Structure formats: C-alpha cells, structure tokens
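If you want the building blocks of each chain, they are given just below.
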Amino acid sequence: MKTFKSGGVHPEENKLSAGIPIRIMPVPQTVVIPLAQSLGAASTPLVNKGDKVLVGQLIAQGATFISANIHSSVSGTVAKVDDAIDASGYRKKCIIIDVEGDEWVASIDISPDLKANITMTKEEIISRIKEAGIVGLGGATFPTHIKLMVPEGKKAEHLIINAVECEPFLTSDHRIMLEKAEELLIGVKILMKALEVTKAFIGIENNKPDAIAHLTELSKKYEGIRVCALKVKYPQGGEKQLIKAILNRGVPSGKLPIEVGCVVQNVATAFAVYEAVQKNKPLFERVVTVSGISVKNPCNLLVRIGTRISALLEEAGGVPGDTGKIISGGPMMGKALNSLEIPVVKGMSGLVLMPVDEAKRMKVSNCIRCAKCISVCPMGLAPYHIAQTAETGQEERAESLNVLDCIECGSCAFTCPAGLPLLENIRVAKNKVGQLIRLRAK
Amino acid sequence: MILYFVAQKFKVIEDPRIDEVAALLPGVNCGGCGFAGCRNMAENIVGKESTEGFFCPPGGNETMKTVAAFFGQVVEEKEPLIAVLRCNGTKSHAVAKTEYDGLNSCFFIHNLYSGSNGCAFGCLGGGDCVDSCKFDAMYMDKETGLPVILQDKCVACGACVKTCPRKIIELRLKGLNDNRVFVCCINTEKGGVAKKNCEVACIGCGRCVKVCESNAITLENNLAYIDFEKCTLSRKCVKVCPTNAIWEVNFPEEKIESPLKQWQEDNFDKL
C-alpha cells in the first residue's frame with residue numbers, strides 16, 4: 001500500500017466519532033466572528049454597530065493579496081466591532097452580531113438538489129471562490145483562490161485531494177466523504193477545471209474503508225478522479241508526504257507542491273467549493289468534530305462560524321470533570337485554548353478534550369542522542385540538533401539545518417523518550433531564522 | 001617557507017590605533033554600543049577619528065573620556081541609564097487563569113497566547129531577559145514571578161530590552177540619587193479590561209496627567225507614560241494613582257510630622 005518513505009509515527013487513532021452522522025448545531029444567540037481567519041492579513045470590516053445583516057452577507061473584505069473575505073453566518077444586528085478573545089489566545093478585532101431569526105441572502109440556492117453541471121469558466125470559478133471567502137479548511141486556512149492561480153512558468157498536472165485526516169480523533173472529513181460524496185466529487189471536478197488538469201487523486205488513509213469504498217464506487221461516474229488508499233501513518237496528511245505517497249514525487253526543499261506539478265486541497269475545502277460555485281453559498285459554516293476519551297457524546301457538528309465553543313462542548317455532553325486541555329484541532333498539531341468564549345473559526349476542524357493525566361507533560365530529562373527524533377521526522381531533519389540551537393541562543397545555525405522545511409507535525413516530540421520540548425524549540429528557531437531572512441532581504 | 005609567503009601575501013594591513021582604542025574599551029562585547037563587539041566599535045571610532053555619537057554603556061563616562069582623550073578630544077558626560085521593568089503583574093496581582101505547561105521561554109509563550117494571567121502586555125516570567133544579561137544584573141524572583149534588575153550591576157547595555165518579546169523593559173534615567181518615577185504598566189487595553197487581568201494595571205484614568213506640574217505625563221491608548229527627561233520627581237502622580245500603577249524608586253520613607261502621631265502609630269494595637 002502506498003505511503004511516504006521517511007519517518008512517521010503511529011499515535012492511537014481514537015476515531016470515536018467516525019460513525020456519528022453530522023448534526024446541525026442550532027444557531028446561537030450571539031456570534032463572535034474574528035477578522036483574522038486566514039493566513040496573511042486580517043480582513044477589513046465593512047459593517048458597523050447597528051447594521052442589519054443576513055446570512056451569507058459579506059461583512060469583511062480581504063485586505064491584502066493574501067487575505068480572504070468573511071461572510072456573516074447569521075442574520076441579525078451588529079452589536080459591535082470590538083476586541084474579543086479568539087483562537088490566537090489574544091483579544092483580537094471581531095464582529096459581534098446579535099442573532100435575529102435565520103434569514104439568508106436571496107442569492108444563495110438553498111434547495112437540496114444536486115447541481116452537477118459546471119457552467120462557469122476557469123476564471124469565473126476562481127473569482128467565485130475568492131468572493132466566497134474560501135480558505136484551506138484542513139486547518140492552514142490559506143486562501144484557496146491564490147492556490148488555484150498557478151504562477152507564471154509553472155504548470156499544474158495533478159490535483160490531489162487531501163482526505164487523509166491523519167490526526168487522531170478528528171472525523172469531520174470522513175463524514176463529509178460518506179454523507180456528501182456526490183457534492184464533494186463535483187467540487188473536485190470544479191477544482192480540476194480551475195486548474196485545467198485532467199487527473200485528480202483522492203488520498204484516503206486505510207482506516208476509513210467505508211469512505212474508500214463509497215468514493216471509489218461513485219468516482220466511476222466522474223472522469224479523471226481516482227481514489228488512492230494509503231497506509232495509516234502520521235503525518236500522511238502533510239501535503240509533501242501525500243504527494244510522495246501518491247505520485248512518488250519529492251517536493252524540493254523550500255518549494256511548494258506546484259514545483260512538481262501538484263496542487264493539494266482538503267476534502268472539506270472541495271465541498272465548500274461545490275457550495276460556493278454551484279449554490280452561490282459563501283463559507284460561513286463548517287463541520288467540527290468534538291471528541292475525547294472522556295467525552296460523553298463524541299460528535300460531528302455542522303456549526304456556524306462565530307459560535308462559541310462552549311455551545312459545542314455542551315452539545316457533546318458537557319466538559320468532562322477530568323479535562324486538562326481543550327484543544328483546537330487534533331492532539332498532535334492542535335493548540336490548547338485558554339477560554340470557553342473562543343469562537344469557532346474557518347480553520348477549526350475539531351475540538352479534542354484531553355484528560356489531565358494525558359495532558360500533563362512528561363518530566364524533561366537529558367538528551368541522550370538516541371536519534372529517535374531523526375528516525376521519525378517525515379522531512380528528514382535532525383530535530384534534537386535544531387532544538388539545541390534554540391536552547392543555546394544560536395538560532396542562526398538552524399538555517400543550514402533546514403529548519404524552514406519543518407512542517408511542525410510534532411512526531412519528534414511525540415517520540416522523544418526524554419520528554420524534550422523539541423517542537424517548541426524548533427518553532428523558536430524557525431521564527432528567529434524567518435526574522436533573520438526578512439532582515440537580510442531589506 | 002610556503003607559510004611565510006602566504007602570511008605575507010594575505011597580511012591584513014590595519015590601522016594600529018584600532019588595537020589601541022580597543023584596549024581602552026571594557027572588552028565585554030555586549031553589543032550595548034550598537035556595534036558587533038568592542039573591536040568593531042573601536043574600528044568605527046578610529047574610522048571617524050572621533051567619539052562623537054558613540055557611547056559604551058558598561059564603560060560609561062569614564063571609558064568615553066579616556067577614548068576621547070586618545071584623540072585629544074573632550075567628551076560631554078552622559079547621565080547614566082538603567083533598565084526598568086515596567087510591569088508589576090506579580091503572581092498575586094495578576095492571578096493565573098490558565099496553567100501553562102511547556103517550554104519556559106517568553107518568546108515562545110508570547111507567540112502562543114496572552115499568558116497565564118491573561119494580560120496580553122504583561123511579563124510572562126519565562127526569564128528570557130535574565131538569560132540575556134551578561135552582567136549578572138538580573139534574577140528571577142520565584143515569589144512574584146517577575147525578573148529583578150539589580151541597580152548596582154545594570155550597565156544599561158540594552159540586551160534585556162531587545163530580548164523581551166513584549167518590550168516591557170525600558171532604559172530610563174537612573175535619576176538624581178538613584179530616584180526615579182515611572183508607570184509600571186504598558187497595557188493599552190481599556191481600563192476595565194486591563195483591571196480584570198491585573199489589579200495594579202494602568203487604567204488610563206488620567207489623574208496623574210492632571211496633577212503633574214512639569215507636564216511630564218502623557219496619556220495615549222489608555223496608558224499613561226512619564227517622560228523621564230521632564231519628570232521633576234515631585235511624586236504627586238504616585239499619590240493619586242487609583243491602582244498604584246506608578247512606582248517611586250529609592251525615595252526615603254515619608255517623615256511623620258508629630259512625635260505623638262508616631263507614638264500612636266507604633267502603639268496602635270495597645271490603644
């Protein structure tokens with residue numbers, strides 16, 4: 001079975017919510033919509049206190065080249081545009097809306113019919129995706145329309161759909177594949193048209209046999225789409241690992257997938273593209289998995305952006321008494337949140353509640369150069385070496401150790417028998433090297 | 001033989017004065033002058049043939065006088081500066097609302113979230129500044145969770161100022177008799193928000209601005225700032241601050257006027 005060659009670890013899969021169909025969360029009474037929901041600059045608000053808004057209405061515009069539009073996920077009145085805590089752990093500018101009813105913008109097609117016919121041109125598709133504020137829903141939140149604009153001199157040959165979902169606990173992509181398969185496949189065709197490619201691969205880890213079977217069967221109707229079963233190994237969902245496994249091509253250090261003719265998009269993004277292009281529906285809701293060993297009702301919820309996570313946790317049966325961390329994302333790469341008031345944003349694929357005894361870090365002891373971290377690094381780096389540069393204040397050395405290739409998957413820290421804070425030190429080194437490079441460019 | 005020729009061919013001709021000036025400098029290579037080490041500063045001084053615009057914080061006025069004299073020049077004395085931590089968010093003033101369990105690096109925590117007490121501007125207590133001090137002038141107070149800057153050892157080289165990711169440390173005038181007054185907070189959030197996280201935060205009320213006789217205090221973005229060049233150390237601001245955010249350092253204890261009052265104070269519990 002296909003897989004990526006170097007490194008990788010096997011955390012316990014814990015796909016507790018894999019069999020739970022997507023439930024639609026009720027619309028909350030207030031939503032807090034952060035202006036920073038994509039990579040790049042925060043968006044500029046277009047509404048003020050007192051303005052009436054409808055579901056799907058544009059309320060903030062992408063400010064710079066790498067930035068995205070934001071649409072209201074509710075109908076009601078704007079209470080204020082003010083600072084509120086968001087997933088960054090800081091108070092940032094948000095649009096806070098008091099909800100009244102659930103009225104949608106008239107241009108959205110709310111009928112449940114499947115629209116298979118793709119009538120837009122490549123340019124119209126990319127423009128529509130930009131208008132709809134679609135960003136990478138795998139968690140990176142890179143504005144999708146920019147990824148589809150292949151730079152001069154490069155050519156896209158393959159579209160790869162990332163349906164791997166290698167993080168433990170997370171199952172939102174899995175459920176979309178089972179419940180919205182046709183829409184997903186049409187979304188893939190739309191992306192293929194936007195990139196002018198004839199071949200698309202959907203990479204799915206082998207722990208989702210039902211999704212593999214379902215999509216393999218359905219994709220027979222759609223020309224050029226092939227489903228690829230992949231060995232279960234973290235981080236198979238990393239785009240470079242995915243390209244290596246499916247096409248056996250290596251993306252060169254410091255370059256993007258387009259260098260080897262590939263564009264990678266997440267499954268949920270492809271579904272959002274279908275909704276935006278075929279139903280004129282901008283991005284204002286997403287499926288979020290709420291899970292954890294002690295969680296009463298692990299579930300997959302279709303949530304309006306801006307809903308506070310306290311509502312989702314209640315829906316999943318409340319916060320268990322032994323909870324140590326509430327993590328946005330998965331336990332490997334996710335970030336522990338510091339408030340229950342934090343709202344769901346476009347990049348929040350799941351909430352994992354970790355019990356205190358698992359969340360407490362291992363006691364740190366000395367590095368014995370066992371090199372386990374090197375053997376598990378999927379990018380072929382030397383984690384202990386890079387971490388050491390940060391510890392000794394010599395971060396400049398990390399540049400020659402290719403620290404910028406690090407995808408921050410956490411396999412090294414996961415494996416380290418000494419409990420060293422490897423990824424933390426690597427992040428410090430990466431940050432400082434990035435600063436150095438920017439200074440050099442000036 | 002070969003070594004001799006190579007040594008001659010690649011010999012670097014240098015102005016011999018550079019070595020002489022470098023010998024007059026402390027040799028700590030702290031970077032406080034803005035150059036890459038003492039020798040680099042010496043190179044630049046010799047290049048300009050003047051000490052104008054140069055200052056060595058650890059060496060101070062003594063060193064600059066000696067170096068200027070080397071060129072037959074006289075240099076104006078500068079008032080000494082000292083590093084000041086403008087945050088009083090101790091473990092008791094700014095109670096922890098979340099527990100942080102990870103790498104103890106201020107740089108890392110700052111990029112991760114606002115910190116365990118919730119103030120996005122406050123000291124994180126990770127000690128990056130203490131690690132950066134080459135003069136043993138700082139240590140971490142375990143009880144308060146804040147770094148302490150030792151007045152007698154700090155040379156105001158600026159290393160801690162650069163290291164602090166939140167720019168909490170400022171170089172200010174050491175002051176006449178080592179007396180100085182400053183607002184011990186850099187939080188620019190609205191008063192209510194700031195106070196929620198820390199009980200000694202500056203809430204931007206402006207009382208200090210009104211009472212200052214030398215117009216040394218400005219209020220911007222909900223935060224008061226005392227200009228140390230203008231401050232006359234009257235300390236009227238310290239008395240009116242409702243959150244005790246303004247600090248007066250090294251002033252003598254206030255004298256009680258009447259001996260009777262003093263006796264009453266001393267024997268309060270017996271009365």
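Counting restarts for each chain, with residues numbered from 1 along the sequence as it is written. Key to labels: chains lettered from A, ligands numbered from 1, both in the order written. Local features in this predicted model are restricted to residues whose pLDDT is 70 or higher, and side-chain atom pairs enter the listing and the counts only when it is 80 or higher, whereas totals over whole chains, interfaces and linings include all residues.

A tally of helices and strands in chain B yields 11 helices and eight strands. Taking 18 Å as the expected radius of gyration for a compact globule of 271 residues, we find that chain B reaches 24 Å, considerably beyond that expectation. Dimensions along the principal axes, computed over C-alpha positions, put chain B at roughly 95 × 50 × 40 Å. What counts as a contact is two residues whose backbone-derived C-beta atoms lie within 7 Å of each other. For chain B, the share of sequence-separated contacts (at least 6 apart) that also reach a separation of at least 24 residues comes to 56%. Every helix listed is a DSSP run of H or I at least four residues long, and every strand listed is a run of E at least two residues long, numbered separately from the N terminus. The atom set for the radius of gyration is the C-alpha atoms, and the globule formula is 2.2 Å times the number of residues raised to the power 0.38.

With that out of the way, let us pick up the overall build of chain A. Within chain A one finds 13 helices and 17 strands. For chain A, the C-alpha radius of gyration of 21 Å lies close to 22 Å, the compact-globule estimate for 442 residues. Projected onto the principal axes, the alpha-carbon positions of chain A cover approximately 65 × 50 × 50 Å. Considering only residue pairs separated by 6 or more positions, chain A has 73% of its internal contacts joining residues 24 or more positions apart.

For the rest of this paragraph, the subject is the nonpolar core. By definition, a nonpolar core groups buried Ala, Val, Leu, Ile, Met, Phe, Trp, Tyr and Cys residues that are joined through C-beta atoms within 7 Å. Residues with at least 20 neighbouring C-beta atoms inside 10 Å of their own are called buried, those with 12 or fewer are called exposed, and the rest are partly exposed, where every C-beta is derived from the backbone. Counting 104 residues, the largest nonpolar core has Ile 161, Val 188, Val 273, Leu 312 and Leu 351 of chain A as the members making the most contacts within it. Aside from chain neighbours lying at most four places away, what touches Val 273 of chain A is Ile 129, Ile 134, Gly 187, Ile 190 and Leu 191 of chain A. Among the nonpolar cores identified, the runner-up in size contains 83 residues, and Ile 109, Cys 119, Phe 121 and Cys 184 of chain B belong to it.

Residues and elements named next belong to chain B. Along its sequence, chain B is carved into domain 1 (11-70) and domain 2 (81-249). Computed from C-alpha atoms alone, the centre-to-centre distance between domain 1 and domain 2 is 33 Å. At the interface, six residues of domain 1 touch seven residues of domain 2. For every domain, the bounds stem from an assignment made automatically or drawn from a database.

Listed as interface residues are 12 residues of chain B and, on the opposing side, 12 residues of chain A. Throughout this entry, Asp, Glu, Lys and Arg are counted as charged residues, while Ala, Val, Leu, Ile, Met, Phe, Trp, Tyr, Cys and Pro are counted as nonpolar. The remaining residues, Gly among them, count as polar. Looking at the side of chain B that touches chain A residue by residue, the class counts come to six nonpolar, five polar and one charged.

Here we come to the packing of helix α1 (residues 122-131) of chain A against helix α4 (residues 181-195) of chain A. Residues and elements named next belong to chain A. For helices, the axis comes from a line fit to the C-alpha atoms of the stretch in contact; other axes are also lines fit to C-alpha atoms, and the angle between any two N-to-C directions lies between 0 and 180 degrees. Interaxial distance between α1 and α4 falls to 8 Å at its minimum, and their mutual angle equals 115°. Classified by chirality, the crossing of α4 by α1 is left-handed. Residues Lys 122, Ile 125 and Ile 126 of α1 form the contact with α4, whose participating residues are Ile 190, Lys 193 and Ala 194. Per-class residue counts for the contact of α1 with α4 are four nonpolar, no polar and two charged. Helix crossings fall into two classes, left-handed where the near helix is turned counterclockwise from the far one by less than a right angle and right-handed where it is turned clockwise.

What follows deals with unusual backbone geometry. Residue and element names in this part refer to chain A. The omega angle of the peptide bond from Tyr 234 to Pro 235 is -5°, so this bond is cis rather than trans. Within the secondary structure, Pro 235 is located in the loop between β11 (225-230) and α6 (239-247). Phi at Thr 141 is positive, roughly 50°, even though this residue is not glycine. As for its position among the elements, Thr 141 is in the loop between α1 and α2 (144-148). Here Asn 248, not a glycine, exhibits a phi torsion of approximately 55°, which is positive.

This part takes up the packing of helix α11 (residues 383-391) of chain A against helix α13 (residues 422-441) of chain A. Describing two packed helices takes the angle between their axes plus the distance from one axis to the other. All names here are of chain A. Contact geometry of α11 with α13 gives a least axis separation of 8 Å together with a crossing angle of 60°. In the packing of α11 onto α13, the handedness of the crossing is left-handed. Counting all contacts with α11, which are made through Pro 383, Tyr 384, Ile 386, Ala 387, Thr 389, Ala 390 and Glu 391, the residues of α13 involved are Leu 422, Asn 425, Ile 426, Val 428 and Ala 429. Residue composition of the contact of α11 with α13, grouped by class: nine nonpolar, two polar and one charged.

Our focus in this paragraph is the pairing of strand β2 (residues 30-34) of chain A. On a regular strand, each side chain points to the face opposite its neighbour's, so the side chains alternate between the two faces of the sheet. Residue and element names in this part refer to chain A. Burial of β2 is extensive: four of the five residues sit out of reach of the surface. Whether two strands pair depends on DSSP finding at least two bridges between them. Two elements, β2 and strand β8 (residues 91-99), share five bridges in a ladder whose sense is antiparallel. Across the sheet, Ile 33 pairs through a bridge with Ile 95, a residue of β8.

Here the focus is the domain arrangement of chain A. In many reports, interface size means the accessible area that the parts give up when they come together. Residue and element names in this part refer to chain A. Domain annotation of chain A identifies domain 1 (122-279) and domain 2 (372-441). One C-alpha centre belongs to domain 1, the other to domain 2, and the line joining them spans 28 Å. Facing the six residues of domain 1 at the interface are seven residues of domain 2. By residue class, the composition of the side of domain 1 that touches domain 2 is two nonpolar, four polar and no charged.

Residues and elements named next belong to chain A. Positionally, Ile 204 belongs in strand β10 (residues 199-205). With 27 C-beta atoms counted inside 10 Å, the residue Ile 204 sits in the buried group. For the pair formed by Ile 204 and Ala 311, sequence separation is 107 residues and the distance between their alpha carbons is 31 Å. Not counting chain neighbours up to four residues away, the residues in contact with Ile 204 comprise Ala 163, Val 164, Ala 211, Ile 212, Val 227, Ala 229 and Leu 230.

To continue, consider helix α3 (residues 38-48) of chain B. Residue and element names in this part refer to chain B. Within the span of α3, buried status applies to Cys 38, Met 41, Ala 42, Ile 45 and Val 46. Taken down its axis, α3 places every buried residue within 135° of arc, on the same side. For α3, the exposed residues set more than 90 degrees away from the buried face come down to Gly 47 and Lys 48. Each element contacted by the buried residues of α3 is listed here: α2 (16-24) and α4 (60-70). Here the arc refers to the set of directions running from the helix axis out to each C-beta atom.

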